[in-house]
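One letter stands for each residue in the lines below.
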Amino acid sequence: QVQLMESGGGLVQVGGSLRLSCAASGSIFRIDVMAWYRQAPGKQRELVAKITSGGSANYADSVKGRFTISRDNAKNTVALQMNSLKPEDTAVYYCYYSATYNYWGQGTQVTVSS
């Protein structure tokens with residue numbers, strides 16, 4: 001029933017920035033972890049960043065210092081600010097919410113060109 005929807009993806013040059021956002025189509029009860037994953041063609045989906053309900057964040061080593069995850073608990077949204085983008089950041093990015101059930105977005109393409 002409830003679906004997640006990412007927005008903010010697109011084409012950006014090396015060193016540029018993008019901000020991804022994720023929102024639910026309906027209310028989700030008691031969201032625990034919100035996270036961003038990404039998947040490049042031919043690669044396994046990997047965790048990029050996650051944030052707990054209390055605001056504790058963790059990042060993949062490859063993005064640490066460049067990406068920032070944030071959440072708005074009142075609106076049940078999560079964002080990923082991506083700075084200093086590199087070609088290896090090119091992937092489909094998915095948001096993920098852990099609640100009573102787990103929810104995934106459909107993905108948004110991020111392409112970093114050199």
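Residues numbered from 1 in each chain as written. Predicted model: local features only at pLDDT ≥ 70, side-chain atom pairs only at ≥ 80, totals over all residues. Heavy atoms only, no water.

Q: What is the right way to look at the overall build of the protein chain in this model?
A: Counting secondary structure elements, the protein chain contains zero helices and eleven strands. Put simply, the protein chain runs from its N terminus to its C terminus through helices and strands in the order β-β-β-β-β-β-β-β-β-β-β. Taken over C-alpha atoms, the radius of gyration comes to 13 Å for the protein chain, in line with the 13 Å a tight globule of 114 residues would show. Judged by the C-alpha coordinates and their principal axes, the protein chain covers about 40 × 25 × 25 Å. Contacts spanning at least 24 positions in sequence make up 53% of the contacts within the protein chain whose residues lie at least 6 apart. Of the roughly 6,300 Å² of accessible surface on the protein chain, a fraction of 47% belongs to carbon and sulfur atoms. (Helix = DSSP H or I, 4+ residues; strand = E, 2+ residues; numbered from the N terminus. Rg over C-alpha atoms; globule rule 2.2 N^0.38 Å. Contact = heavy atoms within 4.5 Å. Areas by Shrake-Rupley, 256 points an atom, 1.4 Å probe, with all protein chains shown as cover.)

Q: Mind showing me how you'd approach the packing of aromatic side chains here?
A: Two descriptors summarise a pair of aromatic rings, namely the distance from one centre to the other and the angle between the planes of the rings. Applying the stated criterion to the full structure yields three aromatic pairs. A centroid spacing of 4.9 Å and a plane angle of 55 degrees characterise the contact between Tyr-37 and Trp-104, whose relative ring orientation is tilted. Pair noted here: Tyr-37 is in strand 4 (residues 34-39) and Trp-104 is in strand 10 (residues 102-104), with a separation of 67 residues, a long-range link. Taking the relative accessible area as the measure of exposure, Trp-104 reaches 37% and is therefore partly exposed. A centroid spacing of 4.7 Å and a plane angle of 50 degrees characterise the contact between Tyr-96 and Trp-104, whose relative ring orientation is tilted. Taking the relative accessible area as the measure of exposure, Tyr-96 reaches 13% and is therefore buried. A cation over an aromatic ring shows up here: Arg-45 above the ring of Tyr-94, its NZ or CZ 3.7 Å from the ring centre. Above the face of the Trp-104 ring, Arg-45 is positioned so that its terminal group lies 4.9 Å from the ring centre. (Phe/Tyr/Trp six-rings, centres within 6.5 Å; stacked < 30°, edge-to-face > 60°. Buried < 20%, exposed > 50% of the residue type's maximum accessible area, 1.4 Å probe, protein only. Lys NZ or Arg CZ within 6 Å of the ring centre and 35° of its normal.)

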